[in-house]
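A closer look at the structure
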Amino acid sequence: MNDIKPAGLHHVTAIAADPQQNVDFYTRVLGLRLIKQTVNFDAPDTYHLYYGDTTGSPSTILTFFPWKGVPRGRNGAGLTTATAFSVPPASIGWWQKRLASLPVDADAPVDRDGTEVLTLRDPHGLVIDLVASPGDTRSGWDGAAGVPDEHAVRGLHSVTLSETQLEPTQRVLSELLGMSMTDEGGDRARFAMQDGGAGALVDVAAETGGPGRQAGGTVHHVAFRAPDTQTQLQWRQQLLAAGVRVTEVIDRQYFTAIYFREPGGVLFEIATDQPGFAIDEPLLALGRELKLPPWLEPDREQIARALPTLQVPADDRGAGA
Ligand code: ZN
């Protein structure tokens, strides 16, 4: 029997170019908290930067592999082509004004099926949607300079997968991952995990413009939430039994992970809620120093020397704590 039921999105991981531009944009412009500075465990000569709410709660997290000089990718079929964050409905106008006052590539808000959506692109071209979400009770990060608490980004809202065919992806989302299709119309279908609130939604959009190219400014993978490692192991067995090629369980220090590709080509991950980001530094000090997993710690000096120095914002609540 298949009972894989992710509780929502865990994180989205994307590819950036210059790491400092990445930090500046997500902390100072979008007002997310830099919750972890570590390296790509599979390629420790590059950073892995995590952003989220105050504690790095699952379903608030966006992470980046910044590869200096990486060519710009291209959104298209087989990629996650938009990452949406939730903001209070009354805040869309505030964000529109804020983004217009900064050198940010942002569109005017549009009405998408009765919901206001403001689309912007980060300095490396990654598409971010700010979605008006009534009833999202998450508080986001209240320590960002320039973003009052009432307008703070609350956490992930949804992702958009662009696909040439709906059915194969739909089967995986509904039959294997326990999501329900709540809306289908025009060129989009919406899938909900659990209660289907902000942070528990996947949109599939019809793509007719050809395949995407994964590189700078595109999403690398989307991760869904498993409550614990035991459940994750059971889910892995069920995926294997359904003929899905899924990886071993991989230790990502802040969670454990399994990966597989959906039929349209998007890389999926299932990540555990535990142990979380306070496992190797105090909550007040999240993201301020380079953290390495135990197995890379012996190489710290060499790793740190190869990485560009990062200026992290000193104007948030973690400063000096
Ligand atoms: Zn991941």
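Refer to the structure presented above.
The structure reproduced in this document is the subject of the present report. Note that this is a predicted model, so its numbers are computed, not measured. (Residues numbered from 1 in each chain as written. Predicted model: local features only at pLDDT ≥ 70, side-chain atom pairs only at ≥ 80, totals over all residues. Heavy atoms only, no water.)

1. A short note on a negative patch on the surface
Applicable threshold: Like charges are joined within 9 Å and nonpolar side chains (Val, Leu, Ile, Met, Phe, Trp, Tyr) within 5 Å, but only among residues with over 30% relative accessible area and no salt bridge; these make up the patches. Exposure was quantified through the Shrake-Rupley algorithm and a 1.4 Å probe, taking into account, for residues, occlusion by the shown protein chains and nothing else. Salt bridge, as used here, is a side-chain nitrogen of Lys or Arg placed within 4 Å of a carboxyl oxygen of Asp or Glu. Lys and Arg are tallied as positive, Asp and Glu as negative. Neither His nor the chain termini are counted. The location of each charge is read from NZ of Lys, CZ of Arg, CG of Asp or CD of Glu. A helix here means a DSSP run of H or I that spans at least four residues, while a strand means a run of E at least two residues long, and both kinds are numbered starting from the N terminus. Using a 1.4 Å probe on the protein chains alone, a residue whose accessible area is under 20% of its type maximum counts as buried, one over 50% counts as exposed, and one in between counts as partly exposed.
On the surface, Asp-111, Asp-113, Glu-116, Glu-167, Asp-183 and Glu-184 cluster together into a patch of negative charge. Structurally, the position occupied by Asp-113 is in the loop between strand E7 (110-112) and strand E8 (115-121). The exposed category is assigned to Asp-113, whose relative accessible area is 64%.

2. Structural notes on helix H1 (residues 19-29)
Rules: Two N or O atoms count as a polar contact when they lie within 3.5 Å, although within protein this holds only if one can serve as hydrogen donor and the other as acceptor, and sequence-adjacent residues are included solely when both atoms are side-chain atoms.
Of all 11 residues making up H1, 8 are buried, and the element is well covered by its neighbours. Within H1 the residues assigned to the buried category are Pro-19, Gln-20, Asn-22, Val-23, Phe-25, Tyr-26, Thr-27 and Val-29. Put simply, Asp-18 is the residue that caps the front of H1, since its side-chain oxygen is 3.2 Å from the backbone nitrogen of Gln-20. Residue Gly-31 follows H1 closely and has a positive phi angle near 75°.

3. Details of the pairing of strand E13 (residues 201-206)
Selection criterion: Each pair of strands is called paired provided DSSP finds at least two bridges between the two strands.
For E13, the buried fraction is high: 5 of the 6 residues fall into the buried class. Judged from the 6 bridges that link them, strand E10 (residues 155-163) and E13 form a sheet pairing that is parallel. Along E13, the bridge assignment pairs Val-159 with Val-202. Note: strand E12 (residues 188-192) against E13, 5 bridges, orientation antiparallel. Looking across to E13, one finds that Arg-190 is bridged to Asp-203.

4. Comments concerning the side chain of Thr-169
As a reminder, the rule being used: Contacts are assigned to residue pairs that have any heavy atoms within 4.5 Å of one another.
Relative to the elements of secondary structure, Thr-169 occurs in helix H3 (residues 166-176). Residue classification places Thr-169 among the buried positions, given a relative accessible area of 1%. Polar side-chain contacts of Thr-169 include one of 3.3 Å to the side chain of Glu-163. Those residues in contact with Thr-169 that lie beyond four places of it in its chain are Leu-161, Glu-163, Val-204, Glu-262, Pro-263 and Gly-264.

5. Overview of the sheet that holds strand E2 (residues 33-40)
Cut-off, in case you're wondering: Note on geometry: axes are C-alpha line fits, over the in-contact stretch for helices, and angles between N-to-C directions span 0 to 180 degrees.
As summarised here, the arrangement of the 8 strands in space is E2-E3-E4-E1-E14-E17-E16-E15, forming an open sheet in which the pairing is mixed. For this open sheet the edge positions go to E2 and strand E15 (250-251), each flanked by a neighbour on one side alone. Two strands pair when backbone bridges link them, and strand E14 (residues 219-226) and strand E17 (residues 267-272) are joined in this way by 5 bridges, in the parallel orientation. Paired with Phe-224 across the strands is Ile-270, a residue of E17. Sheet strands touched by H1: strand E1 (9-16), E2, strand E3 (43-52) and strand E4 (61-66). Its angle to E3, the strand with the most contacts, is close to 10°.

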